[in-house]
Amino acid sequence: MSIQAAAQRPAAHLPVSAVKGLIAMVCSMALFITNDTFMKLALREVPLSEGLGLRTAMVSFLFFGLIVASGDLLALRYMFRRSVLVRSSLDTFTTFLYIAALAVMPIASTTTIYMATPLITTALAVPLLGEKVGWRSWSAIIVGFCGAVIVTRPDPATFSLIALLPLIAAFTGAARDISTRSIGPEIPGSVVGLTGTLAFCLAAALLAPFESWQVPSTTVLAYLVASAVSFGGGTLLLVFAFRNAPISSLSPMRYLLVFGALISGYLVFGDLPDAWTSIGMLLVVGAGLYAIQREHAKSRAARRAARDDRNTGAVGLATGTCPPAAACAPSRD
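Residues numbered from 1 in each chain as written. Predicted model: local features only at pLDDT ≥ 70, side-chain atom pairs only at ≥ 80, totals over all residues. Heavy atoms only, no water.

1. Details of the overall build of the protein
Scanning the protein from terminus to terminus reveals 13 helices and zero strands. Reading the secondary structure of the protein in the N-to-C direction produces α-α-α-α-α-α-α-α-α-α-α-α-α. Across the 333 residues that make up the protein, the buried fraction comes to 42%. Long-range contacts, defined here as pairs at least 24 residues apart, represent 83% of the contacts in the protein between residues at least 6 apart. Summed over its atoms, the accessible surface of the protein is roughly 17300 Å², and 68% of this surface lies on carbon and sulfur atoms. (Helix = DSSP H or I, 4+ residues; strand = E, 2+ residues; numbered from the N terminus. Buried < 20%, exposed > 50% of the residue type's maximum accessible area, 1.4 Å probe, protein only. Contact = heavy atoms within 4.5 Å. Areas by Shrake-Rupley, 256 points an atom, 1.4 Å probe, with all protein chains shown as cover.)

2. A word on the confidence of the model for the protein
When pLDDT is averaged along the protein, the result is 81; 84% of the residues meet or exceed 70. Of the regions scoring below 50 in pLDDT, residues 1–13 engages in 13 contacts with residues more than four places distant in sequence or in other chains. In the predicted structure, residues 322–333 sits below a pLDDT of 50 and forms 10 contacts with residues beyond four places in sequence or in another chain. (pLDDT = per-residue confidence, 0-100.)

3. Some points on the pattern of salt bridges
Per the stated rule, a full pass over the model turns up three salt bridges. Arg 81 is paired through a salt bridge with Glu 186; the nearest N and O atoms lie 2.9 Å apart. Of the two residues, Arg 81 is situated in the loop between α3 (48–69) and α4 (82–104) and Glu 186 in the loop between α8 (164–179) and α9 (189–207); the sequence distance between them amounts to 105 residues. In this structure Glu 186 comes out as partly exposed when scored by relative accessible area, which is 36%. Put simply, Asp 177 and Arg 176 hold a salt bridge, and the shortest N to O gap is 3.1 Å. Here the salt bridges do not stand alone but share partners, grouping Asp 91, Arg 176 and Asp 177 into one network. (Salt bridge = Lys/Arg side-chain N within 4 Å of Asp/Glu carboxyl O.)

4. Quick word on the nonpolar core
Among the nonpolar cores identified, the biggest contains 54 residues, and Met 25, Leu 52, Phe 96, Ile 99 and Met 115 are the most heavily contacted of them. Tallying contributions element by element places helix α2 (residues 16–42) first for this core, with nine residues. Other than its neighbours up to four places away in sequence, Ile 99 contacts Met 39, Leu 43, Leu 48 and Leu 52. One finds Val 59, Val 84, Ile 183 and Val 191 within the second-largest nonpolar core, a separate group that totals 13 residues. (Core = buried A, V, L, I, M, F, W, Y, C linked by side-chain atoms within 4.5 Å.)

Following this line, the structure appears as structure tokens:
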């Protein structure tokens, strides 16, 4: 059976590596919510720049250890590539905005608004990457964005400017994801991650004079260590997942973050979403899942058309007729 056919089989019949990839994705989402939870707890006692700076420094050591262990020290020269620096800058802005909102907003609301990122990425791919988006996908983007706006509570009586931070983070996060496309395959992901964490440490140091740093308590240090381990582990599992399972199967699992945030918000912080927040969550998650389903359907149709063209070309070669010109072109391999 072909690799393509194997990727389209039901989950129960996926290869062992693909099943492990799906499990890794679920665990990755759980670890990212764990990271957010511990960061929110730590930021109750230490300033934003201190909490993020210490956590990111810990993650930097993790990524550097991976680079050493994998023998990619020579690849460190790619850290100063323009494409890597651009992505690192956008990632720094995104993380600061998201965590700043997380520190004061309910974790479920912050996560849901930020989940507009995949929809915004699709919208930005049209002018920036020249990709085509149909009216159904545009409808999903609009509905999902409206859901994010609902969660921000634009009512003048309840609106807070802080609610705009995760929405802005969704835009910068989308730009970051698109900029990743320009990073060459010769650059290891650990090098890209290390560059991002070092840029973040620099940003935290520049912000430090404007905040009152303090010696963190043992409890806060434990929160930050748990956050760093969760974030690093989540990142590694995410990479493993996308290397071992079909993207179409993995993408919907990103929305487990919303439900994880609901559980964390209730059990740890005693937060429950109100009616408007719940409606917004349903719109964001529903629109995102629909957009992913549409992209999966288009990708499957494109693969089917390509397979039909190859089959038609093979028949043409056997009979001496060549309906699709490209199918009968001489191979250049």
